[in-house]
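If you want the building blocks of each chain, they are given just below.
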Amino acid sequence: MPARFLPKDFYHALEEAVGSANFRHADNIPQSALGDWSTERGGTPCALVTPRDTAAVSAVLRLCHQHHVPVVPQGGLSGLAGGAVPSEGSVLLSLARMDQIEEIDTSSSLMVVEAGCILQRIQDAAQNAGYYFALDLGARGSCQIGGNISTNAGGNRVIRYGMTRDLVLGLEVVFADGTILPMMNRMPKNNAALDLKHLFIGSEGTLGVITRAVLKLHPGVCGANTALVALPEFDSVTRLISHAQFMLSGRLTAFELMWNDYYQAVIDGTGQKPPLATDYPLYALIDMQGADPDGERSAFEAMLETAFETSIISDATIAQSHREIETFWSLRDGVSEILSLRAPVISFDVSVPRSRIGDCVDEIRAALTQAFPKLPTVFFGHAGDSNIHLVAGPIDQFDPTGKNIERAVYEIIRTYGGSVSAEHGIGLHKKPWLSYSRSETELATLRLLKRSFDPKEILNPGKVLS
Ligand code: FAD
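Note that the structure is a prediction, hence the values are computed from the model and not measured.

K.L.:
Which parts of the structure should I look at to understand the pattern of salt bridges?
P.N.:
Across all of its chains, the model carries 15 salt bridges by this definition. Residue Asp136 pairs with Arg140 through a salt bridge whose shortest N-O separation is 2.6 Å. By relative accessible area, Arg140 is classed as partly exposed at 24%. Among the ionic pairs, Arg414 bridges to Glu411, the shortest N-O distance being 3.4 Å. Taken as a pair, Arg414 and Glu411 lie in helix H13 (residues 403–415) at a separation of three residues, close to a single helical turn. A relative accessible area of 38% places Arg414 in the partly exposed class. Overlapping salt bridges, with partners in common, bring together Glu102, Glu172 and Arg212 in one network.

Listed below in structure tokens is the structure:
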């Protein structure tokens, strides 16, 4: 039944479930709740609710389940795939008011939080307790941990600590029919049957609503040794990663690669003085965080010296202050300048096996040059974790909808056995390309799971799977 024909009783019950201060009717929903950071625009929602506890989330879902009303879970709306945009006639279920840090247990190195807690608050609270919460990404000030878990976010530190999945010990989830599934495990080891939480991590709000989480903390970090290096060719990139991991005993915390086109664009766009000459084919930002950065400096320098002596790198500069560390990172974060200077653009988030990244980028570049001569592109990425980002544009003169550019890129990614989504998820935006990275059998299994968890298909309908 379309939501606009829903009886008044439904809205009264919904308002009662969350309290009137946490309920907004369709005509009172703020514009900011209608989209995320993607270009996707969804349908018109019928209400927005901001429950304050799990019992209220459960009551909302039970009611919507009874009335066949779609529900779209919303976190900080920083998603880049359109996963949280409203479905037609949906109730928007925002976790924003469930934002408590419930507990920090330093003797077990864990933290218990509500799903609506902003990532940066979690990072700060861990830091204040002498610990480190290892998830970090550019949207840290607005994204919520529930959104991070639902997208299995990646970010800058995956090479050392893994994806969000690796930082979650336990979860509390509410099913589409309102049943609460408690899985608030606090132990790194627990093999008492299948670990169900993994089904919800990365499910983009299609299997259940995450309400609470137990997070893993790491030993505190006091600073970093950071360098910007120039490389002569892609083979040197894989050699440098292995060399650095070996010499630093696996303590590399970031390896961010920038092709020359990206480096030039960010230097031009931001007007900053280039830390290294602008004519090398490749640049990498290497970072080793630790509890004693000064004590670890000689090992870091020795690693770079040997890399230079064995011609793996062509040049390097090591940050001498916190300010210089920020300057190096601003090169990598300068992608936002590129995005706005070159709008409208298409932004890709793909992955291929690390050893094949160089060939894959060469092939994509050649294919785009042939099909769209003069289309500007820049390549960069979290190459240490097999992730490449590509920004193409302005596209309006070449392929205004971007679909042909997308097809050209994803066809190549498919031949490399790569993924159309390394870390941002599928949402609405990448749905047409999902079959390029998942087999028919995988897709059928995903549909089976969806039918089992949400037989009425009310949770985030139309997202991820067709
Ligand atoms: P939303 O955008 O609100 O929602 C994302 C998805 O999760 C939707 O499908 C939604 O329905 C679902 N969802 C949200 N909360 C819940 C919940 N409690 N229960 C169930 N489902 C829920 N991503 C990376 O992986 N790595 C990066 O390096 C990175 N950098 C970014 C930099 C910038 C500047 C920006 C704007 C985005 C970046 N992102 C990155 C993308 C985005 O920040 C992540 O996908 C983030 O995890 C989304 O969190 P959110 O709270 O904003 O979720």
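We are not done yet, so read on.
K.L.:
Help me out: how do you make sense of the sheet that holds strand S8 (residues 168–174) in this one?
P.N.:
Whenever strands of a sheet pair, they do so through backbone hydrogen bonds, lying parallel or antiparallel. Pairing is antiparallel in the open sheet, where five strands are placed in the order S5-S6-S10-S8-S9. Two strands bound the open sheet, and with one partner strand each, they are strand S5 (101–105) and strand S9 (180–183). Strand-to-strand twist of the sheet, defined as the mean angle between neighbouring strand axes without regard to direction, takes the value 10 degrees. Pairing of S8 with strand S10 (residues 209–216) involves six bridges; the strand directions are antiparallel. Paired with Val168 across the two strands is Leu215, which belongs to S10.

K.L.:
Hey, could you run me through the site of the ligand in this one?
P.N.:
Close to the ligand lie 35 residues; Pro73, Gly75, Gly76, Ser78 and Gly79 are nearest. Gly83 is positioned such that a nitrogen or oxygen atom in its backbone is 3.2 Å from an oxygen atom of the ligand. At a separation of 2.9 Å, an oxygen atom of the ligand approaches a polar backbone atom of Gln144. The fraction of the free accessible surface of the ligand (970 Å²) that becomes covered by protein chains is 93%. Listed by contribution, the elements that provide at least two residues to the shell around the ligand are strand S3 (71–74), helix H4 (145–151) and S10. Considering every element that reaches the shell around the ligand, the biggest residue donor is H4, with five residues. Residue composition of the shell around the ligand, by class: 13 nonpolar, 20 polar and two charged.

K.L.:
Help me understand the packing of aromatic side chains in this model?
P.N.:
For any pair of aromatic rings, the description rests on two quantities: the centre-to-centre distance and the angle between the ring planes. Inspection of the entire model under this criterion finds 13 aromatic pairs. Relative to Phe200, the ring of Phe175 lies with its centre 6.1 Å away and its plane at 50 degrees, an arrangement referred to as tilted. One end of the pair, Phe175, is in the loop between S8 and S9; the other, Phe200, is in helix H6 (residues 197–200), and 25 residues separate them in sequence. Three or more aromatic residues joined by ring pairs make a cluster, and in this case those are Phe348, Tyr410, Trp433 and Tyr436. Lying over the aromatic face of Tyr436, Arg414 brings its terminal NZ or CZ to 3.8 Å of the ring centre.

K.L.:
Any chance you could explain the packing of helix H7 (residues 234–247) against helix H9 (residues 293–309) here in plain terms?
P.N.:
Interaxial distance between H7 and H9 falls to 10 Å at its minimum, and their mutual angle equals 145 degrees. Between H7 and H9 the crossing geometry is right-handed. Together, Leu240, His243, Ala244 and Met247 of H7 and Ala302, Met303, Thr306 and Ala307 of H9 make up the contact between the two elements. Looking at the contact of H7 with H9 residue by residue, the class counts come to six nonpolar, two polar and no charged.

Calculation rules
Residues numbered from 1 in each chain as written. Predicted model: local features only at pLDDT ≥ 70, side-chain atom pairs only at ≥ 80, totals over all residues. Heavy atoms only, no water. Salt bridge = Lys/Arg side-chain N within 4 Å of Asp/Glu carboxyl O. Buried < 20%, exposed > 50% of the residue type's maximum accessible area, 1.4 Å probe, protein only. Helix = DSSP H or I, 4+ residues; strand = E, 2+ residues; numbered from the N terminus. Pairing = 2+ DSSP bridges. Axes fitted to C-alpha atoms, helices over the stretch in contact; angles between N-to-C directions. Near = heavy atom within 4 Å. Polar contact = N/O pair within 3.5 Å; in protein donor to acceptor, adjacent residues only side chain to side chain. Areas by Shrake-Rupley, 256 points an atom, 1.4 Å probe, with all protein chains shown as cover. Nonpolar A, V, L, I, M, F, W, Y, C, P; charged D, E, K, R; others polar. Phe/Tyr/Trp six-rings, centres within 6.5 Å; stacked < 30°, edge-to-face > 60°. Lys NZ or Arg CZ within 6 Å of the ring centre and 35° of its normal. Left-handed = near helix turned anticlockwise from the far one by under 90°. Contact = heavy atoms within 4.5 Å.

These values are about where atoms sit, not about what they do.
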